[in-house]
Amino acid sequence: MTILIMKDIEKHEKDTILFPSFHLEVAASEITAVYSTLNVRSTILDMLTGDTPSLNGSITINGESLSENKRAYFSQLGICYFEDGLYERLSIKDYFSFFGRLYGFNQLYDSIFQLTQLHEIRNKRIKDLSFSEKKRVQYGRLLIQSPPLFIFEEPDLNVDMETKRIFINITKKLKESRKAILLFTSNMESAITIADKVYRLDENGLLLIQTEAEDQTTDNLDAVSSQNEKELQPIQFNKIPTKVNEKIVLFDPPEIDYIESNDGQANIYIKGEAFPSSLTLTNLEERLQHVGFFRCHRSYIINLQKVREVITWTRNSYSLVLDDKEKTQIPLSKAKMAELRDLLGIK
C-alpha cells in the first residue's frame, strides 16, 4: 500500500535548478532515504508542510492532500526535524505524558521508554540531557504520535553509537508495524545502512542508488555466472561496486568524480564522499578507461568529464581541478601530463 506520493515536484531558484521534476512513492513497511544537500532537504520538508508551495506538482499522504483537507493531511504525517524545539523544563516522563494526551495515546509508556532506552532517566529534566538523549526524546514523541508516515531529518547526525543503534531498532519496529518511513540525510553511509531504498536528489534529479545485501548479491552473481557458463556469452557490466557495512553499492561510472589509492585501499569519491572499493586501482583503471577515465597519477584515476582546469605550478608540478563547488585539485604527474596532452590533442 502506497502511503506517500510526491508527483512532478520541482524547484527553481531564479536561473538555478535546485532539483528538476521528480516522482517519489513510499509504501507501508518501507524505509526510503533521500540523500541531498541541506538546501534541497529543507525545501522538500517545506513543501511537505505547505510552507513552500509545490506549484506544478502534488503531494498526497494516504490519499489526503494539504489543499483539500489540511487537518486530515497532517494527521497522516509526523516529522522529526534535526533542530526541533523541546519543552526543556519538563521531565521526559511529563513530556511524553503531555504529547500522549495531545495525540490520544492510550497505551502504557513502558514500550516507548524501552524503545528509546530512556527508562532509567525518565524523571530527568530535558534541559539536563545530552544531545543524543534529547534526540531519543524526539524519537519517542513521534512514536507516541504514531502517524502512517514517519519523516526523519538527519536522525543520527552527531549522536553517539548507542543512539544510532536505538534509531535502527526503532525503524525496524516501525517497518514491522507497516509504517512508511522517509529519511532525509547528507550521510550516504547512514542512508545505505538503514534504508531499503536510497535516492540521491540534486540538480540532476532523483536517482536511485542501487544497493544489495552482500549475501544476496553474491547469490545473484553466482546465478549470473552459472547462466553465463550455459550460454557462453559474456555480460557487459559497467557498474563499479563499493561496500558500505554489509551492503554492496553499485555506482554508474558517470557518477564518479575520482578514485584515490591510499595504502593499497582504493576509495571512490562521489560528491565529496568516499566509498571503499575491493578492486585495486589497476583493476579500476582497466574497467573505466574506455568510458573517459584517466590514470593521472600512480595514486589517482580521474573522470575527465569532471575536469575544469589543468594548472601548471612548476615545470614538474601539475594539478587537475574538478568542476565542483570545492574546486577539488587532483595531482597530475609529469609523465602523465604528456599523455594527457596527446589524449586532448594539445601540442
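Residues numbered from 1 in each chain as written. Predicted model: local features only at pLDDT ≥ 70, side-chain atom pairs only at ≥ 80, totals over all residues. Heavy atoms only, no water.

### Observations concerning the nonpolar core
1) Next: Counting residues in each nonpolar core, the largest one holds 52 residues, and the members touching the most others are F96, V137, F152 and I259.
2) Next: Considering each element in turn, this core owes the most residues, five residues, to helix α5 (residues 131–145).
3) Next: Two domains each donate at least three residues to this core, and these are domain 1 (2–209) and domain 2 (240–344).
4) Next: Not counting chain neighbours up to four residues away, the residues in contact with V137 comprise L86, I92, Y95, F96, L118, I126 and L129.
5) Next: If you look at the next biggest cluster of nonpolar residues, it comprises 28 residues, including V34, I44, L77 and A180. (Core = buried A, V, L, I, M, F, W, Y, C linked by side-chain atoms within 4.5 Å. Buried < 20%, exposed > 50% of the residue type's maximum accessible area, 1.4 Å probe, protein only. Helix = DSSP H or I, 4+ residues; strand = E, 2+ residues; numbered from the N terminus. Domains from an automatic or database assignment. Contact = heavy atoms within 4.5 Å.)

### A word on the domain arrangement of the chain
1) Next: Per the domain assignment, the segments of the chain are domain 1 (2–209) and domain 2 (240–344).
2) Next: Between domain 1 and domain 2, the C-alpha centre-to-centre distance is 36 Å.
3) Next: Between domain 1 and domain 2 lies a buried interface of about 970 Å² when both sides are counted; carbon and sulfur atoms form 51% of it.
4) Next: At the surface where domain 1 touches domain 2, the tally comes to three salt bridges.
5) Next: For E255, the salt bridge identified is with R200, shortest N-O distance 2.7 Å.
6) Next: Applying the counting criterion to the domain 1 and domain 2 interface returns six residue pairs in polar contact (both at pLDDT 80 or more).
7) Next: At the level of secondary structure, the elements contributing two or more residues to the side of domain 1 that touches domain 2 comprise α7 (188–194), β9 (197–202) and β10 (205–213).
8) Next: If one sorts the elements of the side of domain 1 that touches domain 2 by residue count, α7 sits on top with four residues.
9) Next: Tallied by class, residues from the side of domain 1 that touches domain 2 come to six nonpolar, three polar and four charged. (Buried area = accessible area lost by both parts, 1.4 Å probe. Salt bridge = Lys/Arg side-chain N within 4 Å of Asp/Glu carboxyl O. Polar contact = N/O pair within 3.5 Å; in protein donor to acceptor, adjacent residues only side chain to side chain. Nonpolar A, V, L, I, M, F, W, Y, C, P; charged D, E, K, R; others polar.)

### Describing the packing of aromatic side chains
1) Next: Enumeration over the complete set of coordinates arrives at 19 aromatic pairs.
2) Next: Ring geometry for F99 and Y103: centres 6.2 Å apart, planes at 15°, overall stacked. Taken together, the positions of F99 and Y103, both in helix α3 (residues 92–103) and four residues apart, correspond to about one turn of that helix.
3) Next: With a relative accessible area of 9%, F99 lands in the buried category.
4) Next: Here the aromatic cluster, defined as three or more aromatic residues joined through ring pairs, consists of Y87, Y95, F96, F98, F99, Y103 and F113.
5) Next: When the ring centre of F99 is taken as reference, the NZ or CZ atom of R141 above it lies at 5.5 Å.
6) Next: Stacked on the ring of F294, the Lys or Arg K336 has its end atom at 5.9 Å from the ring centre. (Phe/Tyr/Trp six-rings, centres within 6.5 Å; stacked < 30°, edge-to-face > 60°. Lys NZ or Arg CZ within 6 Å of the ring centre and 35° of its normal.)

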